[in-house]
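Residue-level listing of the chains:
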Amino acid sequence: MEHRPLGKSGLLVSDLCLGTMVFGEENPRGTDQRSATHIIQKFLDAGGNYIDTANVYAGGRSEEIVGAAIKDRRDRVILATKVRHATGQNLNDQGLSRYHMIRSVEASLRRLQTDVIDLLIAHAWDPLTPLEETLRAFDDLVASGKVRYIGVSNFKAWQLMKALALSDAHGWSRFIAAQYQYSLLERNIEHEISELCLHEGLGLTPWGPLGGGFLSGKYHPGDKPQEGRLAMMPDETEESWLRRSRERNWAILQVVDEVARSHQATHSQVALAWLLHQPAVCAVIIGARTLAQLDDNLAAGHLSLSEEELARLSQASEPDDPYPYRFLKLYGSRDPNPEV
Ligand SMILES: NC(=O)c1ccc[n+]([C@@H]2O[C@H](COP(=O)([O-])OP(=O)(O)OC[C@H]3O[C@@H](n4cnc5c(N)ncnc54)[C@H](OP(=O)(O)O)[C@@H]3O)[C@@H](O)[C@H]2O)c1
């Protein structure tokens, strides 16, 4: 695996990060402790050092599983977890208040069996808490030694830019990483967020890189999904399946299929390799429910796509340009050396 600095920092992370959202889930889309431990060990043996979890994944079980699996190799893991979503029934068991952030970090440290979180991520915007309170609490957590670096996820561009400006103005710790949904199916962050990451020195770490499994090529037009995450939990899934099963997405998958065939690679490897070639991307968070999926996804790191193949994939998956992006594409450029 290649290792890259995470944003504008000196922290080196593997370009594939192991996502652990389904570890400890009891429904069929989850991974039990034994298999999850094998997946983690294999990922580390393959040279990966970056693992992503969250305080809320499987009600805290994901953190427990990760903590137990890396206990003997803690020093070679860059461990990321998150705070924001509800961890209990009490009023203050959620959000980005100083109160909840500190309590959540203490609980994460216990579950992870460690005394420091390498990267603490704000899982989403909190409309209630003043941003200054959140950023100051992040800074205090870093100063206390419980957290080493901080990151952000799912903020709108203006929210993220405001947070960075406030951190700079106060000399507080600054986000070095940004976690956003990004894949050949979902490229809307290219309108604002990926450029913002490049300009502001945040390492972009895409989640959902296979569109929940759609881009693995195991689903077919017209079929109702029979296996995997997209076939489970009928109510929620009906909506996520209809969102994915669209003509545009099947056309993208067709191009993925053609590129995969010419490399004797899998669909997943092509979809992940395309992401690894995107300029703002630092590390792609792979979700593997089984060891076989991990093996498949790890091989994406060895797949080199030509300029022509990257262009075909990008063209097939080009997002629409809503206002003002289309307007700016048409009228927003300036020739620095006009002839008259
Ligand atoms: N910050 C956030 O808000 C946020 C949100 C979501 C996720 N995340 C992080 O990002 C990680 C990855 O996200 P994701 O799980 O949505 O990623 P994804 O790659 O889009 O979907 C992963 C799912 O696809 C299927 N899959 C994976 N590899 C496969 C392969 N080679 N062949 C066939 N099927 C395959 C598996 O589900 P089935 O086997 O059930 O089909 C797997 O659980 C998570 O673990 C979590 O750490 C963060």
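Here is a short report on the structure shown in this document. This one's a predicted model, so the numbers in the text were calculated from it and none came from an experiment.

What the chain contains, in helices and strands, is 12 helices and 10 strands. The C-alpha atoms of the chain give 20 Å as radius of gyration, which agrees with the globular expectation for 340 residues (20 Å, within 12%). Counting every position in the chain, which comprises 340 residues, the buried fraction comes to 43%. Taking all contacts inside the chain whose residues are at least 6 apart in sequence as the whole, residues at least 24 apart take part in 76%.

Here we take up the pairing of strand S8 (residues 175-181). Most of S8 sits out of view: six of its seven residues are buried. Across four bridges, the pairing between strand S7 (residues 147-153) and S8 is parallel. Along S8, the bridge assignment pairs Ile150 with Phe175. For the crossover that starts at S7, traverses helix H5 (residues 157-170) and ends in the parallel S8, the hand is right-handed. As defined by bridge partners, S8 adjoins strand S9 (residues 203-207) across five bridges and the pair is classed as parallel. What sits directly across from Gln181, in S9, is Trp207.

Mapped onto the secondary structure, Tyr182 falls in the loop between S8 and helix H6 (193-200). For the pair Tyr182 and Leu204, spaced 22 residues apart in sequence, the C-alpha separation works out to 9.5 Å. Aside from chain neighbours lying at most four places away, what touches Tyr182 is Arg187, Ile189, Pro206 and Leu275.

The next point concerns helix H2 (residues 61-70). In terms of burial, H2 is largely enclosed, as eight of its 10 residues are buried. Those residues of H2 that fall on the buried side of the exposure criterion are Arg61, Ser62, Glu63, Ile65, Val66, Gly67, Ala69 and Ile70. Those residues of H2 hidden inside the fold are in contact with helix H1 (33-45), strand S4 (50-52), strand S5 (78-83) and helix H3 (98-112).

Taken together, 29 residues sit near the ligand, with Gly19, Met21, Gly213, Gly228 and Gly287 positioned nearest. Elements represented by at least two residues in the shell around the ligand include exactly strand S10 (284-287) and helix H10 (291-298). When residues in the shell around the ligand are grouped by element, the largest group, three residues, is from H10.

Ranked by internal contacts, the top residues of the largest apolar core, which has 89 residues, are Cys17, Leu120, Ala178, Val256 and Val284. Counting residues per element, this core draws most heavily on helix H9 (residues 267-276), at seven residues. Residues contacting Val256, with those up to four places away along its chain left out, are Leu184, Leu215, Gly217, His267, Val270, Ala271 and Leu313.

Here we take up the sheet that holds S8. In spatial order, the strands read S9-S8-S7-S6-S5-S4-S3-S10; together these eight strands make up an open sheet with parallel pairing. The sheet is open, and its two borders are formed by S9 and S10, each paired with just one other strand. Geometrically, the sheet is characterised by an average inter-axis angle of 30° between neighbouring strands, direction not taken into account.

This brings us to the pairing of S10. Judged by which residues are buried, S10 turns out to be covered on both faces: Val284 and Ile286 on one side and Ile285 and Gly287 on the other are all buried. Pairing analysis gives four bridges linking strand S3 (residues 16-19) to S10, with the strands arranged parallel. Note that in S10 the partner of Leu18 across the bridge is Ile286.

Basis of the calculations
- Residues numbered from 1 in each chain as written.
- Predicted model: local features only at pLDDT ≥ 70, side-chain atom pairs only at ≥ 80, totals over all residues.
- Helix = DSSP H or I, 4+ residues; strand = E, 2+ residues; numbered from the N terminus.
- Rg over C-alpha atoms; globule rule 2.2 N^0.38 Å.
- Buried ≥ 20, exposed ≤ 12 C-beta atoms within 10 Å, placed from the backbone.
- Contact = placed C-beta atoms within 7 Å.
- Pairing = 2+ DSSP bridges.
- Right-handed = clockwise from strand over helix to strand, strands pointing away.
- Near = placed C-beta within 6 Å.
- Core = buried A, V, L, I, M, F, W, Y, C linked by C-beta atoms within 7 Å.
- Axes fitted to C-alpha atoms, helices over the stretch in contact; angles between N-to-C directions.

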